Amino acid sequence: MKRKKAGESYSLGIESTADDFSVGISTFNGEILANIISAYMPEEGGIHPREAARHHAEVAGKVLEEAFTKSGIKPRNLSVVTFSQGPGLGPCLRTGATIARALASYFNVPLVGVNHCIAHIEIGKLETGAKDPITLYVSGGNTIVSAFDSGRYRIFGETLDIALGNCLDVFAREAGLRQRVGMPFGAVIEKFAVDGKKMIPLPYTVKGMDTSFSGLLTAAVNLLKKREHTLEDLSYSLQETAFSMVTEVTERALAHTEKKEVLLTGGVAANKRLQSMIMTIAKEHNAEFRVVPSEFAIDNGAMIAWTGVLAYKHGMITPIEKSFVKLRWRLEEVEVLWVK
Amino acid sequence: MKLPLLIKKGAEASLYLAEWHDRKVVMKKRLPKEYRPSKLDEQIRTYRTIHEPQLMHEAKKAGVPTPTIFLVDARDATIIMELIEGKQVKQLLGEVSRSERQSLCLKMGELIGRLHEYGIIHGDLTTSNMILDAEGKIFFVDFGLGEKTKELEARGVDLHLMKRALQSTHFRFTEECFDAVVRGYSKVLGDETVKNVLDKIREIERRGRYVKERRGEQE
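Residues numbered from 1 in each chain as written. Chains lettered and ligands numbered in written order. Predicted model: local features only at pLDDT ≥ 70, side-chain atom pairs only at ≥ 80, totals over all residues.

Chemist: Got a minute to help me understand the pairing of strand 1 (residues 5-9) of chain B in this structure?
Modeler: Two faces belong to every sheet, and in a regular strand the side chains alternate between them. Residues and elements named next belong to chain B. Looking at chain direction, strand 1 and strand 2 (residues 14-20) are connected through 4 bridges and run antiparallel. By the bridge assignment for strand 2, L5 is matched with L17. If you look at the hairpin formed by strand 1 and strand 2, you'll find 4 residues sitting between the two strands. (Pairing = 2+ DSSP bridges. Helix = DSSP H or I, 4+ residues; strand = E, 2+ residues; numbered from the N terminus.)

Chemist: Help me understand the domain arrangement of chain A in this model?
Modeler: The accessible area lost on association of the parts is a frequent measure of interface size. Residue and element names in this part refer to chain A. Taken as a whole, chain A is organised into domain 1 (10-120 + 298-333) and domain 2 (132-296). Distance between the C-alpha centres of domain 1 and domain 2: 26 Å. Across the boundary between the two partners, domain 1 contributes 13 residues, which contact 18 residues of domain 2. For the side of domain 1 that touches domain 2, the secondary structure elements donating two or more residues are strand 3 (32-39), helix 3 (116-128) and helix 10 (301-313). No other element matches the 3 residues that helix 3 contributes to the side of domain 1 that touches domain 2. Among the residues making up the side of domain 1 that touches domain 2, the classes are represented as 9 nonpolar, 3 polar and 1 charged. (Domains from an automatic or database assignment. Contact = placed C-beta atoms within 7 Å. Nonpolar A, V, L, I, M, F, W, Y, C, P; charged D, E, K, R; others polar.)

Chemist: Mind showing me how you'd approach the pairing of strand 5 (residues 78-82) of chain B here?
Modeler: All names here are of chain B. Note that strand 3 (residues 23-29) and strand 5 share 5 bridges and pair antiparallel. The residue of strand 5 that forms the bridge with V25 is E82. Where strand 4 (residues 69-73) meets strand 5, 4 bridges bridge the pair, whose relative direction is antiparallel. Of the residues in strand 5, the one forming a bridge with V72 is I79. From the end of strand 4 to the start of strand 5, which pair antiparallel, there are 4 residues, and A77 there has a positive phi angle of about 50 degrees.

Chemist: For this particular structure, what's the right way to read the sheet that holds strand 4 of chain B?
Modeler: By way of backbone hydrogen bonds, the strands of a sheet pair with one another, either parallel or antiparallel. Residue and element names in this part refer to chain B. Sheet architecture is open: 5 strands sit in the order 1-2-3-5-4, paired in antiparallel fashion. Each edge of the open sheet is held by one strand with a lone partner, namely strand 1 and strand 4. Averaged over all neighbouring strand pairs, the angle between strand axes comes to 25 degrees, with direction disregarded. (Axes fitted to C-alpha atoms, helices over the stretch in contact; angles between N-to-C directions.)

Chemist: Looking at this structure, I do not really get the domain arrangement of chain B. What am I missing?
Modeler: Residues and elements named next belong to chain B. Partitioning chain B into structural domains gives domain 1 (5-82) and domain 2 (86-207). With 14 residues of domain 1 at the interface, the matching set in domain 2 holds 14 residues. In terms of residue class, the side of domain 1 that touches domain 2 is built from 7 nonpolar, 2 polar and 5 charged.

Okay, here's the thing in structure tokens:
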């Protein structure tokens, strides 16, 4: 399929912050032409950064090729190459950055480093039409409540320790559950939770607009080992408690900023129960509820390609010599020139 | 009693202006949250409704102005308290001169110091939870997330939250304000405690997912 239209510009985005390697291609108008994702799923345990990076290097060629085939454009049609510059796991980030640098140099196009967290917000806005939302971004690595104010996305609340998705993943692993492509741990827990009936008391920790999940996780795992409750009831109670916490802080941020939209994004956004909770508070504050489609909820290259376009259009280019990865790049450090 | 007038629909509670025995009062009602299971919801609302007035009363003893509590109805998750006529510090910080801002923040720090010295953690230190009255007294409200402890960890988190609130809402003068808060805080607790608390804050910040200062890691 030939796609190239006269005068149209294209952006290629590489995402490799954690366990997913993905390549996305978008037009400068925000049309997503390809979004190919390859997930690294260890047989046992969590993500080993080096093993994940090895996976990324192995599949990179194939994923790139697929993205070009799917989009119908040629590498030489690209106007810009973008990549996830951080935050994330070092070896994984470096693998993606190396590929991006090579592509940009070879095809002689500008390189744009993108903040992964901002990309999750921007793809959510693009896909749902949200203009100026309070965003709850929940994934395996992040739990952030943010909103735009005076040139930057400001963080109103975040986790004080582990991320919400991480809490669910570790619990699932401790319960001996397995995940597979298309059915990550979060989805497995969600399935068990649907059949849960009993609300088991678990630590509920909200500090200001921040949350903490480590105590909750420890308590849930301890109960799991005691075998006094069914996995269904425990999954249900864990989800209800953890989701109530993030919903409470999102509502606080909503009341505080009086924004008119609430956007749910990141991997955990796919959870129907969480969606319904956030929808409830949005309604209560007369705000629109938006949730990112699941293809763009998990880590993906399309969000990088699109955020790269926004940055590039505002003159933000990353010279190769300054394209080192930033493992701990907070989203509020980025000047967001494209939002007024 | 006249029909209460909704003055603020917060996330956690709704505030109404009401009349109670010929007195203008604020009625704070923690309405049920539809999104969470009713058992959890009831636990949270009842606990906070009972807990908050206790801490407010303790805060008074520590020398920190708080509205006087008139009535607590745990079953209805409702508190009736004195109406403080004044302005939220949140609004003031952006409006006043630099020196007034500094003296406000210094005062805030002193009051936080008094709370901590007495073993009270506020739990939600933001500039919207502080009201300046006509006499120049700063009232602290919203103790629902507070606790009684003198632990360094809790003090650190409390001040960290204050800093975070300044960063998200008063980003133009975050540093200047937080420095003044710390100066006020040390007037009460002394330099050594302040050093320990500041160290703790740095430790808490390093625990965050994406913080450059995290130990032993390089870019």
